[in-house]
Amino acid sequence: MKTAAVITFPGSNCDRDLFEALKKTFKKTYKLWHKDTELPKDIDFIAIPGGFSYGDYLRSGSIAANSALMSEVKKFADNGGYVLGICNGFQILTEAGLLPGVLLRNNKLKFISKKVTLEIANNSSRFTSNYNKKHIDIPIAHHDGNYFCNDETLKELEDNNQIAFKYLENPNGSRNDIAGIFNKNKNVLGMMPHPERAIDELIGGCDGLPLFQSLISN
Amino acid sequence: MKAKIHVTLKSGVLDPQGNAIKQSLDNLGIPSVLSVTQGKYFEITLEGNDKSKAEETIEESCKTLLANTVIENYKFEIIE
């Protein structure tokens, strides 16, 4: 993969960090606005950033999931295009139906902002193949990160190796310690932790970088 | 016409906000509260007088946006 795009919604606040992470790895990165009606033709990868799109009105991610550009993102993903949603981006992907389940309010009702240790539950995907260790440290910053799905979906996630990351110590009540999941085809990844905030040793470590490097390798 | 819509969590879905409200009621010494669930209430004003068309519109609105049917149920009534 060579060309990426970051979508900004009203209320996105991690779009610049994500752009910097992509600039460090991809050859070319577009900045897209939610009102755009077309995706650039040459993109291989779309990243949906964290933040509080539309003030988290109604439900986190629900309004953004129905915006003009998201219907193009759905088509892109349905045709096998690679899509990553981080934090609010994960919430948007579940609301858009690109990933199963939903992100509920944290079980202790607090906004949590800290570095957590994740277990890489699947390191054979296009998103995670460059990770050569079992555990990584990545920051989380969310109020609604408590992953929920029904028993049937949970079994499917496990049977199909769709769980990408798990918390070592569950901070928010997520079912089965889930921090990030793939869709069935593994071309869509949603995760609550912020890999784009861990791409420099000076600020927060480098454990997020292999995720972006995985995408550009091969 | 007006639609009155209630969206509530399905049973079995963790409701930390409802639990916190129950805890608070307990702390106030209000007796006999067994459980609390928190939901949402919407009022939507519609043009026209066709009730069955209004029901269709509201059904579609609930399914696509107002409720996330993974975790929520909805019910509504149309008032003429």
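Our subject is the structure listed above.
The rules behind each value
- Residues numbered from 1 in each chain as written.
- Chains lettered and ligands numbered in written order.
- Predicted model: local features only at pLDDT ≥ 70, side-chain atom pairs only at ≥ 80, totals over all residues.
- Helix = DSSP H or I, 4+ residues; strand = E, 2+ residues; numbered from the N terminus.
- Rg over C-alpha atoms; globule rule 2.2 N^0.38 Å.
- Buried ≥ 20, exposed ≤ 12 C-beta atoms within 10 Å, placed from the backbone.
- Contact = placed C-beta atoms within 7 Å.
- Pairing = 2+ DSSP bridges.
- Axes fitted to C-alpha atoms, helices over the stretch in contact; angles between N-to-C directions.
- Core = buried A, V, L, I, M, F, W, Y, C linked by C-beta atoms within 7 Å.
- Expected span 1.5 Å × (residues − 1).
- Arc of directions from axis to C-beta.
- Parallel < 35°, antiparallel > 145°, perpendicular 65-115°, else oblique.
- Left-handed = near helix turned anticlockwise from the far one by under 90°.
- Nonpolar A, V, L, I, M, F, W, Y, C, P; charged D, E, K, R; others polar.

*Asks:* Quick rundown of the overall build of chain A? Include the residues and the values.
*Replies:* Scanning chain A from terminus to terminus reveals 6 helices and 11 strands. Relative to the globule expectation of 17 Å for 218 residues, the C-alpha radius of gyration of chain A, 15 Å, shows essentially globular dimensions. The principal-axis extent of the C-alpha atoms belonging to chain A is close to 40 × 40 × 35 Å. Looking at chain A as a whole, 53% of its 218 residues are labelled buried. Taking all contacts inside chain A whose residues are at least 6 apart in sequence as the whole, residues at least 24 apart take part in 74%.

*Asks:* Tell me about the sheet that holds strand β6 (residues 112–120) of chain A, and please be specific about residues and values.
*Replies:* Residues and elements named next belong to chain A. In space, the 9 strands of this open sheet follow the order β2-β1-β3-β4-β11-β10-β9-β6-β7, with mixed pairing throughout. Looking at the sheet topology across the chains shown, the edges are occupied by β2 (28–33) and β7 (135–142). Direction aside, the axes of adjacent strands within the sheet are offset by 20 degrees on average. In terms of strand pairing, strand β1 (residues 3–8) meets β2 through 6 bridges, oriented parallel. The partner of A5 across the bridge, within β2, is Y30. Of the strands in this sheet, β1, β2, β3 (45–48) and β4 (82–86) touch helix α1 (residues 15–25), which is tilted by about 175 degrees from β1.

*Asks:* Before we move on, could you go through the sheet that holds strand β2 (residues 40–45) of chain B and cite the residues and values that matter?
*Replies:* All names here are of chain B. Taken in spatial order, the 3 strands of this open sheet run β2-β1-β3, and their pairing is antiparallel. Whereas interior strands pair on both sides, the edge strands pair on one side only; in this sheet they are β2 and β3 (72–79). Sheet twist, expressed as the mean angle between neighbouring strand axes with direction ignored, is 20 degrees. Across 6 bridges, strand β1 (residues 2–9) lies against β2 in antiparallel orientation.

*Asks:* Can you tell me about the nonpolar core, naming the residues and giving the values?
*Replies:* Core analysis: the biggest nonpolar cluster contains 72 residues, and L22, I46, A47, V83 and A164 of chain A have the highest contact counts within it. At 5 residues, the largest contribution of residues to this core is made by helix α3 (residues 68–78) of chain A. If near-sequence neighbours (up to four positions away) are discounted, A164 of chain A is found in contact with A121, N122, S125, F127, T128, G180, I181, F182, L189 and M191 of chain A. Formed by 8 residues, the second largest nonpolar core is a distinct cluster that contains A3, A54, C62 and Y74 of chain B.

*Asks:* Now, about the pairing of β3 of chain A: what can you tell me, with residues and values included?
*Replies:* All names here are of chain A. Going residue by residue along β3, you find F45 and A47 tucked away on one face and I46 and I48 tucked away on the opposite face as well. Bridging between β1 and β3 involves 3 bridges; their strand directions are parallel. Along β3, the bridge assignment pairs A5 with I46. The sheet contact formed by β3 and β4 spans 4 bridges and is parallel. Following the sheet pairing, I48 is matched in β4 by G85.

*Asks:* Which residues make up the environment of L84 of chain A, and what values go with them?
*Replies:* Residues and elements named next belong to chain A. With respect to the element layout, L84 can be found in strand β4. In this structure L84 comes out as buried when scored by C-beta crowding, with 28 C-beta atoms within 10 Å. Once you skip the residues sitting within four places of it in the chain, L84 turns out to touch A47, I48, F127 and L189.

*Asks:* Give me helix α2 (residues 51–66) of chain B: which residues, what numbers.
*Replies:* All names here are of chain B. Spanning 16 residues, α2 covers only 20 Å between terminal C-alpha atoms, well under the ideal 22 Å at 1.5 Å per step. Those residues of α2 not exposed but buried are A54, I58, C62 and L66. The arc that holds the buried residues of α2, viewed along the axis, is 70 degrees, so those residues lie on one side. Facing away from the buried surface of α2 by more than 90 degrees, the exposed residues are S52, E56, E60, K63 and T64.

*Asks:* Could you give an account of the packing of α1 of chain A against helix α6 (residues 209–216) of chain A, naming the residues involved and the relevant values?
*Replies:* Residue and element names in this part refer to chain A. Contact geometry for α1 and α6: axes closest at 9 Å, N-to-C directions at 50 degrees. The pairing of α1 with α6 is recorded here as oblique in orientation. Two packed elements cross with a definite hand, and for α1 against α6 that hand is right-handed. Across the interface between the two elements, A21, L22 and T25 from α1 touch F212, Q213 and I216 from α6. Taken together, the residues that form the contact of α1 with α6 break down as 4 nonpolar, 2 polar and no charged.

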